[in-house]
Structures are given as C-alpha cells and as structure tokens.
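Structural description and commentary
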Amino acid sequence: MANVAFIGLGVMGYPMAGHLAKAGHNVTVYNRTGAKAEQWVEDYADTEGVELFAAPTPAGAAADADIVFACVGADKDVAEICIGEEGAFGAMKKGAIFVDHTTASAECAHAMAAAAKEAGVGFVDAPVSGGEAGAVNGVLTVMCGGDTASFETAEPVMQAYAKSVKLLGEAGSGQLAKMVNQICIAGVVQGLSEALHFAMEAGLDAKAVVDVISKGAAQSWQMENRASTMIDGEFDFGFAVDWMRKDLGIVLGEANGMGVSLPLTALVDQFYCDVQKMGGNRQDTSSLIRRFRG
C-alpha cells in the first residue's frame, strides 16, 4: 500500500481517487474548489484502514506522496498543477512518480516529462478511456507513455480503477494513443447516428434492428451502450460534447503538425460544432444524432 495524492476531482477524478482509497492506499486530494476536496474526504471517511486528507494546494497534496495522480482539464491546467507557483513537482520527494490522466497534447506530455526529470521525479502520461461510468465502476482503459521503471511502479496502483493498463512507448505515447481512440469514436458515433436515422426514416423498429445487427459485424461499444438512448433522444450522461471537441482539437492539431490528413475526423468535429450551436455542449457525444432528429 502507498501514500498517494490525487489532483483534480471532476467526474472522472472523484471516483478514481475513491477507488484508490478502497484499495487500501492513504490518499491526499486537491481540487481547485476546496469544498469539493473536503466533500470527497467526507464521502470516503468510512473506508477502513486508510488515512484521507484534503490539501490546499497541489504542492501540499504531493509533498508526502509516493505517487501523485492527476486528472484535470487541459494543457494549461496540467502545467499549473505541475510547475506552477504551488505546483506538485517542486514539492515531490525525489524518486516519486507523477501520473497524468488528463487528456492533453503530446507536446504537453513531453514538456512535463522533461520538467519532472529535472525535478528528480518520474512522469507517466496516462489518459483514460471509458467515461464516467468506467471511472465509477473501476474499469477504465489506461494508455501510458513514459519510462519503464516509473510505469512498473505505478501500474499496480492504477489497477484500482482500471481493467487495462498498457505502456505504449516513451513520454507522449499515451496521449497519442488517446488521440487514436478519439478518432475511432468520432467515426463510429457518426456512422451509428446516420444508421439509426436511416432506420427510423425507413419506418423500421430501430431498436429491433439494433438487436439483430449488434450480433454481427456492425457491433460496437457505442451500439451496445448508446443506440437505445440515441433512439429515445436521451443524452444527459456520459462524455460531453465540449470535451470531445477539445479532444478532437488536440487530434487535428497533432495531425496538422505531422502532415497527416484526417478528413472524416475534421468533418465530425464540425458536426459536433453544430450540436454545440443547438445547445448540446454538455450532452453526451451520442447527441450527434440530433443533427438529424432535432
């Protein structure tokens, strides 16, 4: 068991930090809104055999931790909690490890890895897939980049909230893998939206059609988990359109720098922009079907 810290208690970080406590680790949390950190400590206070604390700064959370985990919003937030005025890197013990679960750019991962090395700490970029439900149920997929020693130390601890944790290369590799993940999701959700719209316009029982085709080659996680709610026009859950657009912006920026053409991804990004204009900013990514159904 380890002394760990968790920085960022959003819809993902809150339950992820909870799984660490339930796994028997002492956990110190930090959140920009301090009341939420205090609430987290209260919510998990009955966890036996562990010590839980709320810290006023990232540095305060990280000072005594063997591993510091983070899940915040974007590149600038990662930089702030790592190397800002009260950032974690300046307070961490030599040899401690920072694991960043934020979906950020590969450039950010490279910069933070270099800063961590200078501070004498390890760094793993480790974005996750699985959404809020995956975090709550402890079945996230974690894509990692970094040195082998840091990964092998952190990986058993990450298992508290993951079903799959894999090292894919040096720093930045985790972020690049997450970009691949988001490219796939964008294409699948658009295809599913068009298919369901077609089925309904053709007068078919769309749910019956999905029940049949989901047993064959058309099957996907999105079909299994989102087709029914898409048909019913329910989108008040899951991964928000605003966050998907942030991620696709990272993807397209990286692709542009590489000279790689991603025409479908660029098109779907604009379709999500349409959903935002319809007021769907906080709706699940499956709300893409609203462009057809209203």
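Residues numbered from 1 in each chain as written. Predicted model: local features only at pLDDT ≥ 70, side-chain atom pairs only at ≥ 80, totals over all residues. Heavy atoms only, no water.

We apply this condition: UniProt positions are given in the numbering used here, feature names are shortened, and annotations may be inferred rather than shown by experiment.
For the protein chain, the name recorded in an unreviewed UniProt entry is 3-hydroxyisobutyrate dehydrogenase, with Kordiimonas lacus as its organism. Recorded in UniProt for the protein chain, the comment headed Sequence similarities (unreviewed entry) runs: "Belongs to the HIBADH-related family."

Considerations on the overall build of the protein chain
To keep things clear, this is the line we draw: Starting at the N terminus, helices and strands are each numbered in turn, a helix being any DSSP run of H or I of at least four residues and a strand any DSSP run of E of at least two. The reference for a compact globule is 2.2 Å times residues^0.38; the radius of gyration itself is calculated from the C-alpha atoms. Exposed residues in this analysis have more than 50% of their type's maximum accessible area, buried residues have under 20%, and partly exposed residues fall in between, with area computed by a 1.4 Å probe over protein chains only. We call two residues contacting when some pair of their heavy atoms lies within 4.5 Å.
Looking only at helices and strands, the protein chain features 13 helices and nine strands. For a compact globule of 294 residues, the expected C-alpha radius of gyration is about 19 Å, and the protein chain comes in at 20 Å, within 12% of that figure. Expressed along its principal axes, the backbone C-alpha trace of the protein chain runs to roughly 65 × 50 × 35 Å. For the protein chain, the proportion of its 294 residues judged to be buried stands at 51%. Sequence separation of at least 24 residues holds for 67% of the intrachain contacts in the protein chain that already meet a minimum separation of 6.

Considerations on the nonpolar core
Heads up, the rule is: To qualify as a nonpolar core, a set must consist of buried Ala, Val, Leu, Ile, Met, Phe, Trp, Tyr and Cys residues joined through side-chain atoms within 4.5 Å.
Ranked by internal contacts, the top residues of the largest apolar core, which has 37 residues, are Phe6, Val29, Trp40, Phe69, Val99 and Met158. Not counting residues up to four positions away in its chain, the partners in contact with Val29 are Phe6, Leu9, Ala17, Ala37, Trp40, Val41, Phe53, Ala54, Ala55 and Ala61. One finds Ile81, Ala104, Met112 and Phe123 within the second-largest nonpolar core, a separate group that totals 28 residues.

Some remarks on the pattern of salt bridges
We apply this condition: The salt bridge criterion pairs a side-chain nitrogen of Lys or Arg with a carboxyl oxygen of Asp or Glu, the two atoms within 4 Å.
Going through the model one piece at a time under the given rule, you end up with eleven salt bridges. Between Lys246 and Asp247 there is a salt bridge, with its nearest N and O atoms 3.4 Å apart. Two residues, Arg291 and Asp274, come together in a salt bridge whose shortest N-O distance is 3.0 Å. Here the residue Arg291 occupies a position in helix α13 (residues 290-293), and Asp274 occupies one in helix α12 (residues 263-277), the gap between them amounting to 17 residues. Through salt bridges with shared partners, one network takes in Arg32, Lys76, Asp77 and Glu80.

A look at the side chain of Asp125
We apply this condition: In this tally, Lys and Arg are treated as positive and Asp and Glu as negative; His is ignored, and so are the chain termini. The term polar contact refers here to a pair of N or O atoms within 3.5 Å; inside protein, the definition further demands a hydrogen-donor-capable atom paired with an acceptor-capable atom, and it admits residues adjacent in sequence only when both atoms are side-chain atoms.
Mapped onto the elements of the fold, Asp125 is located in strand β6 (residues 122-125). Buried charged residue Asp125 carries no salt bridge. Nearest counter-charge: Lys178, at 11 Å. A polar contact is formed between the side chain of Asp125 and the backbone nitrogen of Gln175, at a distance of 3.0 Å.

Structural notes on the side chain of Ser173
Checked against the element boundaries, Ser173 lands in helix α8 (residues 173-201). Overall, the relative accessible area of 16% leaves Ser173 in the buried class. Within the structure, the side chain of Ser173 is placed 2.8 Å from the backbone oxygen of Glu170, a separation counted as a polar contact. Setting aside anything within four residues of it in sequence, one finds Ser173 in contact with Asp125, Cys144, Gly145 and Leu168.

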